[in-house]
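Chains, contacts and geometry: an overview
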Amino acid sequence: MEKYAACTSSKALGAALRKERKKHKLTQADVAFAAGVGIRFLSDLESGKPTVQLEKVLQVVAVLGGAILLRWNSDRS
């Protein structure tokens, strides 16, 4: 079953990633190592720091088995 998390802010994205990591009973160190990022980076990401590097975010998302999908509102001009 596919699950989605609507993330419209860096805080929402960080919270969604933290929730998924904990669901799988992984530590920040586990995920950071697997994604090739530092523990400090992962902590900043999960805390909602708005200036994290996109490529590293994508690496973390991939390690957790996710993907970033964009949805455009059709009523926006």
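The rules behind these values
Residues numbered from 1 in each chain as written. Predicted model: local features only at pLDDT ≥ 70, side-chain atom pairs only at ≥ 80, totals over all residues. Heavy atoms only, no water. Helix = DSSP H or I, 4+ residues; strand = E, 2+ residues; numbered from the N terminus. 1 Å grid on protein atoms, 1.4 Å probe; cavity = no way out; pocket = protein on both sides within 12 Å on 5 of 7 lines; lining within 4 Å. Points joined across faces, edges and corners; volume = space filled by probe spheres on them. Phe/Tyr/Trp six-rings, centres within 6.5 Å; stacked < 30°, edge-to-face > 60°. Lys NZ or Arg CZ within 6 Å of the ring centre and 35° of its normal. Buried < 20%, exposed > 50% of the residue type's maximum accessible area, 1.4 Å probe, protein only. Axes fitted to C-alpha atoms, helices over the stretch in contact; angles between N-to-C directions. Parallel < 35°, antiparallel > 145°, perpendicular 65-115°, else oblique. Left-handed = near helix turned anticlockwise from the far one by under 90°. Contact = heavy atoms within 4.5 Å.

With that out of the way, let us pick up unusual backbone geometry. The phi torsion at Lys 25 lies on the positive side, around 55°, for a residue other than glycine. Here Lys 25 lies in the loop between helix 1 (10-23) and helix 2 (28-35).

A few words on the layout of surface pockets. Here the largest pocket is characterised by a volume of approximately 1,500 Å³. Along the walls of the largest pocket sit 35 residues, with Ala 5, Cys 7, Ala 67, Ile 68 and Leu 69 positioned nearest its centre. Contributing elements (two or more residues each) for the lining of the largest pocket: helix 1 and helix 4 (54-63). Take the lining of the largest pocket: its biggest share by element is seven residues, from helix 1.

Our focus in this paragraph is the packing of aromatic side chains. This model, assessed by the stated rule, comprises zero aromatic pairs. For Lys 56, the ring lying beneath its charged end belongs to Phe 41, and the centroid distance is 5.6 Å.

Topologically, Glu 55 is positioned in helix 4. On the accessibility criterion, Glu 55 (52% relative accessible area) is exposed.

To continue, consider the packing of helix 2 against helix 3 (residues 39-46). Where helix 2 meets helix 3, the closest approach of the two axes is 9 Å, and the angle between their N-to-C directions is 110°. As the angle between them shows, helix 2 and helix 3 are arranged roughly perpendicular. Note on packing geometry: the crossing formed by helix 2 with helix 3 is right-handed. Where helix 2 approaches helix 3, its residues Gln 28, Ala 29, Val 31 and Ala 32 are matched on the opposing element by Ile 39, Leu 42, Ser 43 and Glu 46.

So, on to the packing of helix 3 against helix 4. To characterise two packed helices, one gives the angle between the axes of the helices and the distance between these axes. Contact geometry of helix 3 with helix 4 gives a least axis separation of 11 Å together with a crossing angle of 90°. Judged by the angle between their axes, helix 3 and helix 4 are roughly perpendicular. Residues Phe 41, Leu 42 and Leu 45 of helix 3 form the contact with helix 4, whose own contacting residues are Lys 56, Val 57 and Val 60.

By themselves, these are just geometric observations and shouldn't be taken as functional.
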